[in-house]
Amino acid sequence: MDPVTEDRAPEPLTEYAHRITRKVRAFDQRHPLLWDLHFTGFWVTAALIDYGGGGWRHNAHNLDVPGWLLFTLSLGLSAPLLRRRTHPGAVLVTMVPFAVVNAWTGAALQAALLQLAVIYHIALRRTLRDLWWATALMLTPVLVTTARYGDEGSWEQQIGSQLMSITVAALIGITVRTRRNYTEALEDRARRLETERDQQAQIATAAERARIAREMHDIIGHNLSVITGLADGGRYAAAKSPERAGQALEAIATTSRQALTELRRLLDVLREEEKNQAELTPQPGLTDLDQLLDGVRSAGLPVRITTHGTPTLPPGRQLTVYRVIQEALTNTLKHAGPGATAEIDLSYEEKAAVTVDITDTGNGRRTDDRPRDGRGLPGMRERTALYDGTLEAGPRPHSEQGWRVRLHLPEETPQ
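Residues numbered from 1 in each chain as written. Predicted model: local features only at pLDDT ≥ 70, side-chain atom pairs only at ≥ 80, totals over all residues. Heavy atoms only, no water.

Student: If you had to explain the pattern of salt bridges to someone new, which residues and values would you point to?
Tutor: Scanning the entire structure with this criterion turns up eleven salt bridges. Here Glu343 and Arg304 are joined by a salt bridge, their closest N and O atoms 2.9 Å apart. Taken as a pair, Glu343 in strand β2 (residues 342–348) and Arg304 in strand β1 (residues 303–308) lie far apart in primary sequence, 39 residues in all. Looking at Glu343, the relative accessible area reads 29%, which means it is partly exposed. (Salt bridge = Lys/Arg side-chain N within 4 Å of Asp/Glu carboxyl O. Helix = DSSP H or I, 4+ residues; strand = E, 2+ residues; numbered from the N terminus. Buried < 20%, exposed > 50% of the residue type's maximum accessible area, 1.4 Å probe, protein only.)

Student: Which residues make up the nonpolar core, and what values do they have?
Tutor: In this structure, Val321, Ile325, Leu329, Val356 and Ile358 are the most contacted members of the largest nonpolar core, which totals 33 residues. Put simply, the parts of the chain that give this core at least two residues each are α10 (289–298), α11 (315–335), β2, β3 (354–360), α12 (377–386) and β5 (403–409). Per-element tally for this core: the top contributor is α11, with six residues. Ala47, Val91, Ile122 and Ile166 belong to the second largest nonpolar core, which has 25 residues in total. (Core = buried A, V, L, I, M, F, W, Y, C linked by side-chain atoms within 4.5 Å.)

Student: Account for the side chain of Ser347, naming residues and giving values.
Tutor: Mapping Ser347 onto the fold places it in strand β2. At 3.3 Å, the side chain of Ser347 forms a polar contact with the side chain of Asp345. Other than its neighbours up to four places away in sequence, Ser347 contacts His308, Ala353, Val354 and Thr355. (Polar contact = N/O pair within 3.5 Å; in protein donor to acceptor, adjacent residues only side chain to side chain. Contact = heavy atoms within 4.5 Å.)

Student: Help me get a handle on the sheet that holds β5, residues and values and all.
Tutor: Sheet architecture is open: five strands sit in the order β1-β2-β3-β5-β4, paired in mixed fashion. Every other strand in the sheet has two partners, leaving β1 and β4 (390–395) as the edge strands with one partner each. The average undirected angle you get between the axes of adjacent strands in this sheet is 10 degrees. Summarising the sheet, β4 and β5 pair through six bridges and their orientation is antiparallel. Each bridged residue has a counterpart across the sheet, and for Thr390 the counterpart in β5 is His408. The strands touched by α11 are β1, β2, β3, β4 and β5; relative to β3, the strand with the most contacts, the crossing angle is about 10 degrees. (Pairing = 2+ DSSP bridges. Axes fitted to C-alpha atoms, helices over the stretch in contact; angles between N-to-C directions.)

Everything listed is a geometric property; what it means functionally is a separate question.
Structure representation (structure tokens):
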């Protein structure tokens, strides 16, 4: 298909017609009775004008029909249209006796054609079986007219003409019904896909939080093991070397505070109690950055790292910094394109605060802000939120082509 044709905007007249149609439908949904009153009033007025103005005489088989009967037939063939949408079957049953009298007397009022509007609504809202008996009812006045006033050879012509009119009205109703059902199916599918997308996002978030919780579990387990060892050593040193026992107690206090901090963050992450035992796998830290960068370089991405300050981060923060750098470099490998380079600016500040800038020189076209598997930037933001930090990710200015990820973890507040 020609791209120009495929991306062509709708014609102004078509767009205008669609806009008007949507407004009319919206008005009809809000005020169905008001719309029905206008519709019925229009056709009642038209039927009375046909009677009062004498227009019915041009098609009548009998010009001596009493005026009161003509007036009654005009109302009987038009006024029931008010309930055509809610009770089309009952409306048709109400109109058919008037149509039979209209045919028997020879008045041949044009208002009898309004039964086609009821046929349309039966095809639109009722079953095929209802449509068959409605067709039979509408053919009854034609049979009466043909039997009473029909000329030789007009039998098939009149019935055929009426059948053609009924078929056209029914086909229009079926077409509108099919289109409406198709639109409702598309809307239902869109709602289900939206619900499924939200569910997948929630599942991905829960999985990411569970993974973070398992990693923090290892850190807490390590801290508790250290506390246990220090306590055992302090107990043995208390009798012989009170000074060393005091140092052990001080180390226990420091380590326990760190463990308590991590435990509180862990409780914020976990929403449900994990049933399976977490894997006791050592988690990476800042000392593993060199190995990570070597792997990225061997994959073909030149990386340069600049470090400011002295790293004094607890294990949980080290893990967050490591994972953010890992995710950013992975996204660069996936999306930056050939010939790209990356640069990491790592600044350590006081009280375990840290700022990391990861930039690359790729084409800057990314889709990892909403990845299909729920990882990438959402996982990085989950980790950052544990420490009340900020994470910014997006394309660099046009003058500096590429992508930029900036992580900032503020000073750690004593617990």
